[in-house]
Amino acid sequence: MSTPDQGRAARSGRRSVLLSGLAGAGLAATAAIATAASGGPSAGAVPAVPAGTMASGPDAVARPFRGAHQAGILEAPPAYATFVALDLVDGADADVVRRLLTVWTDDIERLMAGRGTLTDQEPELASVTAELTVTVGVGRRVVEVVGAQVPAWLAPLPAFAIDRLQPRWSGGDLLLQICATSPTTVAHAQRRLLAGAAGLASVRWVQRGFREPHEGPGVPMRNLFGQVDGTVQPDVAGLDADLLWSADAGPTWLRGGSSVVVRRIEMDLDGWDRVDRLSRENSIGRRLATGAPVTGGGLDTAPDLEAVDGLGFHVVDDAAHIRRAHASAPHERFLRRPYSYDDAPDAGSTSSSGLVFVAYQADPVRQFVPVQARLAELDLLNLWTTPIGSAVFAVLPGAQEGEVLGQALLT
């Protein structure tokens, strides 16, 4: 029987080989090298989950990892998500980035398929795939370190007057977006991926979010104001695909990728509690019960921004959120995947709650910034909301067979 130290040494040996010897290698090579390094099954090796023990039922749905685009963008957002920003270690070079993305590629593919990672001592926790998706983004420093072309938009957003940004919720060199229908699956994947990054990158911030899994049919999400959120979305799987995916005009390494903006928006729920229902609907421009515009219709009905009441005032208030967020040009649209958060309150407060606002688009400066500028200038919801975090990342293209994430970035 091996000692604990021998077991750790065996696992460390396999990980060291994977880190040092797999630059640009495919996953078939990953398995072969890892097996050769350990000499096959040995004392201290992490046992594979026996065939037939993978969880079954609706929570065992496995999303595909390989493809032109990463998972976790086009799929309907599941109930639980964690967003983790990391910073590369000091003095990191292109080899550090290559090693990290190689390890993450192998780990993510295993986890999304319901298998434990190479060093996973609780592979049973990976068996409940729960529609797990992991999406990887990179910040400006990563692109500069590897010597690739940096997109002009890959930088912090412009300063907005309403922002009260805190460093603990902003910036980062890398992003992991981990989503699933099970919080245990999310937590386990987060742990394994951060373990894989040890010595290569460190955690900058972690934001956990949730969505109501039992909302009524046709309702995308309700935030903690009770507002139906994410009601206007482009057809990014069809006619509006160019609003989401980086095209020929962008860097070659980003084709098939995208960008993501993560904004942490604090909500003053105590103040919101003192607002009557009519005023709440007026500030948003939608009915709270159905999400329909105050001008009538259903959830998907376009608001009539020209409609006036008997006194000649706009039915949709001039400062209503729906009016200020309305696209003034066809390109001012983006894919929204928001999540609520509800953390432990600070001393003297009753809540620390809000929205992790997540927006995917081909170019955030062209698509996202004009909308955010209008909201910062005049939006009734600004009375109860404050942006306290902000970060922008380039979302890597998907990994095809034999590739690692960021293959084009690393070549």
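Our structure's up above, just so we're on the same page.
Residues numbered from 1 in each chain as written. Predicted model: local features only at pLDDT ≥ 70, side-chain atom pairs only at ≥ 80, totals over all residues. Heavy atoms only, no water.

Participant: Now, about the overall build of the chain: what can you tell me, with residues and values included?
Facilitator: Within the chain, the secondary structure is distributed over 10 helices and nine strands. Classification of the 411 residues of the chain by burial places 52% in the buried group. The contacts of the chain with a sequence gap of at least 6 include a subset with a gap of at least 24, amounting to 78%. (Helix = DSSP H or I, 4+ residues; strand = E, 2+ residues; numbered from the N terminus. Buried < 20%, exposed > 50% of the residue type's maximum accessible area, 1.4 Å probe, protein only. Contact = heavy atoms within 4.5 Å.)

Participant: Tell me about helix H5 (residues 183-196), residues and numbers included.
Facilitator: Within an α-helix, residues lying three or four positions from one another point in the same direction, as the helix has 3.6 residues per turn. Compared with the 20 Å implied by 1.5 Å per residue over 14 residues, the 20 Å span of H5 between its first and last C-alpha is a close match. Restricting attention to buried positions, one finds in H5 the residues Thr-185, Val-186, His-188, Ala-189, Gln-190, Arg-192, Leu-193, Leu-194 and Gly-196. Near the N-terminus of H5, the side chain that reaches the backbone nitrogen of Thr-184, with its oxygen 3.2 Å away, is that of Ser-182. (Expected span 1.5 Å × (residues − 1). Polar contact = N/O pair within 3.5 Å; in protein donor to acceptor, adjacent residues only side chain to side chain.)

Participant: Residues and numbers for the packing of aromatic side chains, please.
Facilitator: In this structure the tally under the stated criterion is five aromatic pairs. Seen from their ring centres, Phe-225 and Trp-272 are 4.2 Å apart, and the 15 degrees between their planes marks the pair as stacked. Of this pair, Phe-225 sits in the loop between strand S4 (201-210) and strand S5 (258-267) while Trp-272 sits in helix H6 (residues 269-273); the two residues are 47 residues apart in sequence, bridging distant segments of the chain. With relative accessibility at 4%, the residue Phe-225 sits in the buried group. Between Phe-357 and Phe-368 the ring centres are 6.2 Å apart and the planes differ by 40 degrees, which places this aromatic pair in the tilted class. Residue Phe-357 is located in strand S8 (residues 352-361), and its partner Phe-368 is located in the loop between helix H9 (364-367) and helix H10 (369-377); the two are separated by 11 residues in the primary sequence. Pair check on accessibility: Phe-357 and Phe-368 agree, each one buried. (Phe/Tyr/Trp six-rings, centres within 6.5 Å; stacked < 30°, edge-to-face > 60°.)

Participant: Pulling in residues and values, what's your account of a negative patch on the surface?
Facilitator: Negative charge collects at one region of the surface, where Glu-266, Asp-268, Asp-270, Asp-273 and Asp-346 lie side by side. Relative to the assigned elements, Asp-270 resides in helix H6. With relative accessibility at 33%, the residue Asp-270 sits in the partly exposed group. (Patch = residues over 30% accessible without salt bridge, like charges linked within 9 Å, V, L, I, M, F, W, Y side chains within 5 Å. Areas by Shrake-Rupley, 256 points an atom, 1.4 Å probe, with all protein chains shown as cover. Salt bridge = Lys/Arg side-chain N within 4 Å of Asp/Glu carboxyl O. Lys, Arg positive; Asp, Glu negative; His and termini not counted. Charge placed at Lys NZ, Arg CZ, Asp CG, Glu CD.)

Participant: Would you mind going over helix H7 (residues 277-284) in detail, with residue names and values included?
Facilitator: Restricting attention to buried positions, one finds in H7 the residues Arg-280, Glu-281, Ser-283 and Ile-284. Down the axis, H7 shows its buried residues gathered within 160 degrees of arc, on one side only. At its buried positions, H7 is contacted by H6 and helix H8 (321-324). For H7, the N-terminal cap is Asp-276; the gap from its side-chain oxygen to the backbone nitrogen of Leu-278 is 3.1 Å. One or two steps after H7, the chain reaches Gly-285, where phi turns positive at roughly 95 degrees. (Arc of directions from axis to C-beta.)

Participant: Quick one: what's the story with the nonpolar core, residue by residue and with numbers?
Facilitator: Core analysis: the biggest nonpolar cluster contains 71 residues, and Leu-86, Trp-104, Ile-108, Leu-174 and Leu-176 have the highest contact counts within it. Look past the residues within four positions of Ile-108 in its chain and what remains in contact with it is Phe-65, Val-134, Val-136, Leu-193 and Leu-405. Phe-83, Ala-85, Leu-335 and Tyr-360 belong to the second-largest nonpolar core, a separate cluster that totals 23 residues. (Core = buried A, V, L, I, M, F, W, Y, C linked by side-chain atoms within 4.5 Å.)

Participant: Hey, could you go over the packing of helix H3 (residues 94-112) against H5 for me, with residue numbers and the actual values?
Facilitator: One way to put it is that H3 packs onto H5 with a least axis distance of 9 Å and a crossing angle of 155 degrees. In terms of their interaxial angle, H3 and H5 are classed as roughly antiparallel. Crossing of H3 against H5: the hand is right-handed. Two secondary-structure elements touch here, H3 through Leu-100, Val-103, Trp-104, Asp-107, Ile-108 and Leu-111 and H5 through His-188, Ala-189, Arg-192, Leu-193 and Gly-196. For the contact of H3 with H5, the per-class residue count stands at seven nonpolar, two polar and two charged. (Axes fitted to C-alpha atoms, helices over the stretch in contact; angles between N-to-C directions. Parallel < 35°, antiparallel > 145°, perpendicular 65-115°, else oblique. Left-handed = near helix turned anticlockwise from the far one by under 90°. Nonpolar A, V, L, I, M, F, W, Y, C, P; charged D, E, K, R; others polar.)

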